[in-house]
Amino acid sequence: MWPLPGVPSLSWARFRARIAAVFHGADPKVCVAFWLFGLINNVLYVIILSAALDLVGPNVPKGVVLLADVLPSFGTKLVAPYFIHAVPYSMRIVICVLLSVLGMIVVALCPEYTDGSTLSFKLAGIVLASLSSGIGEMSFVSLTHYYGPFSLAAWGSGTGAAGLVGAGAYALATTSLGFGVRATLLSSACLPAVLAVSFFIILPRSPIQAQYHDFEEEQRNVNEGTSGDNGDDENDRLLDSSFHSAQSLKVNPPRTGLGLQSITANLKQVKGLFFPFMLPLLLVYIAEYTINQGVSPTLLFPLEASPFTHFRAFYPAYNAIYQIGVFISRSSTPFFRVHNLYLPSFLQIINLVVLTLHSLFDFIPSVYLVFLVIFWEGLLGGLVYVNTFAEIGDRVSPENREFSLGATTASDSGGICIAGFLGMMFEVWLCDWQVSHGRDFCRRT
């Protein structure tokens, strides 16, 4: 093809050179490990949300599943940053794997919605999986402090892929392939083993070891050769601990403890993180998860005007389209950065308003236009998530960065919790409105 006048040609070789320049210096093992961390840590969460309708039925708000899936995670992220540095990463991985496997097995044992006791049993399993997700996200995001911006980009891409894989695989398995809900959920209980493989086999330990040994050498110089030896076991424990980087120990030692002074210092730091980082992340999650759990179950069209044969197919399809947008935007930081975090957050609120108005007044003529808005919703949510942590990496000092990364993860879960309550109210209100105006699609399955 001849180049257009005034437009520089871009050969395949030049394109590959540009891509290589973007990823120059990236360690493939680090990228693979963090991509798998993001994928597996989030995929069960997405599968559970995609299965919400099948787990609770059409007469129970899907926000109930959302709250069970996120409240334990939110509580963990809110409290754990102040003491979790005492738990080695290796121990955290084991805990995450065990909680996830047990949770999915419990959920899968009785997927049919029959009575209140069955629902309680399934919610208990979701809580276990949520605890695992909260510990994992907080730990892996903090761990990017040791491995640089490519680890964060890989983590973000993996979390985006988790949404795509989880929602897409669940929709494919339970619709096109005809697998049962129980079989689909039970098979997903094998996935957490990948976390252990990624951490113990794929991830290089040298960045953590280098930071620890640098700190140890400086301490020997400061102490004029005095021994700070606490034994090999203690050294290994510090090596695996998330807060014991050379910089955080050297600059702000109280933050590595468990006392009142350490907690007070960290609380002051959280106040400084709230407006530039935590609030926009909170807002975007409130808006998008209110859409996902409260509005999208009511965005239904006549079957003859849609690509579906059952009304239950709308919900997982919306989730899958949303996750495609999330995956694209969470994979974008090596190529595209957003520094104004509030702009996409406010655009997400506009999405919520538009889709709510459509649910009430039915003015969008085609389901394919709704698909487009849902895709845009996913793009905005993913942009705010990954760019929030990228901005922390750029703008927060190294000695405070690791704690800041972990503490800020509470914002997304906090936003989802608020959206869970809003979503339950929205779904009931919107469905009742539709039924009272002659559209009873939301009561059908």
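Residues numbered from 1 in each chain as written. Predicted model: local features only at pLDDT ≥ 70, side-chain atom pairs only at ≥ 80, totals over all residues. Heavy atoms only, no water.

### Topic: unusual backbone geometry
So, step 1. Of note, the phi angle at Asp362 is positive, near 55°, even though the residue is not glycine.
So, step 2. Its place among the elements puts Asp362 in the loop between α15 (342-361) and α16 (367-395). (Helix = DSSP H or I, 4+ residues; strand = E, 2+ residues; numbered from the N terminus.)

### A closer look at the packing of aromatic side chains
So, step 1. Counting across every chain of the model gives 21 aromatic pairs.
So, step 2. Seen in terms of ring centroids, Tyr289 and Tyr322 are 6.5 Å apart; in terms of plane orientation they differ by 80°. Their pairing is edge-to-face. Here Tyr289, found in helix α13 (residues 260-295), pairs with Tyr322, found in helix α14 (residues 314-330); they are 33 residues apart in sequence, far enough to count as distant.
So, step 3. Overall, the relative accessible area of 6% leaves Tyr289 in the buried class.
So, step 4. Linked through ring pairs, Phe308, Phe311, Phe314, Tyr318, Tyr368, Phe371 and Phe441 together constitute an aromatic cluster.
So, step 5. For the cation-ring pair, Arg92 lies above Tyr89, with the distance from its terminal atom to the ring centre recorded as 4.4 Å.
So, step 6. Looking at Arg330, its charged tip hangs above the ring of Tyr385, at a distance of 3.7 Å from the centre. (Phe/Tyr/Trp six-rings, centres within 6.5 Å; stacked < 30°, edge-to-face > 60°. Buried < 20%, exposed > 50% of the residue type's maximum accessible area, 1.4 Å probe, protein only. Lys NZ or Arg CZ within 6 Å of the ring centre and 35° of its normal.)

### What about the state of the cysteines?
So, step 1. Going through the model one piece at a time under the given rule, you end up with one disulfide.
So, step 2. Disulfide pairing is shown between Cys431 and Cys442; the S-S distance is 2.0 Å. Measuring the twist about the S-S bond at about 90°, one finds the Cys431-Cys442 disulfide to be right-handed. Separated by 11 residues along the polypeptide, Cys431 in helix α17 (residues 398-436) and Cys442 in the segment after α17 bring together distant segments of the chain. (Disulfide = S-S within 2.5 Å.)

By themselves, these figures tell us nothing about what the structure is for.
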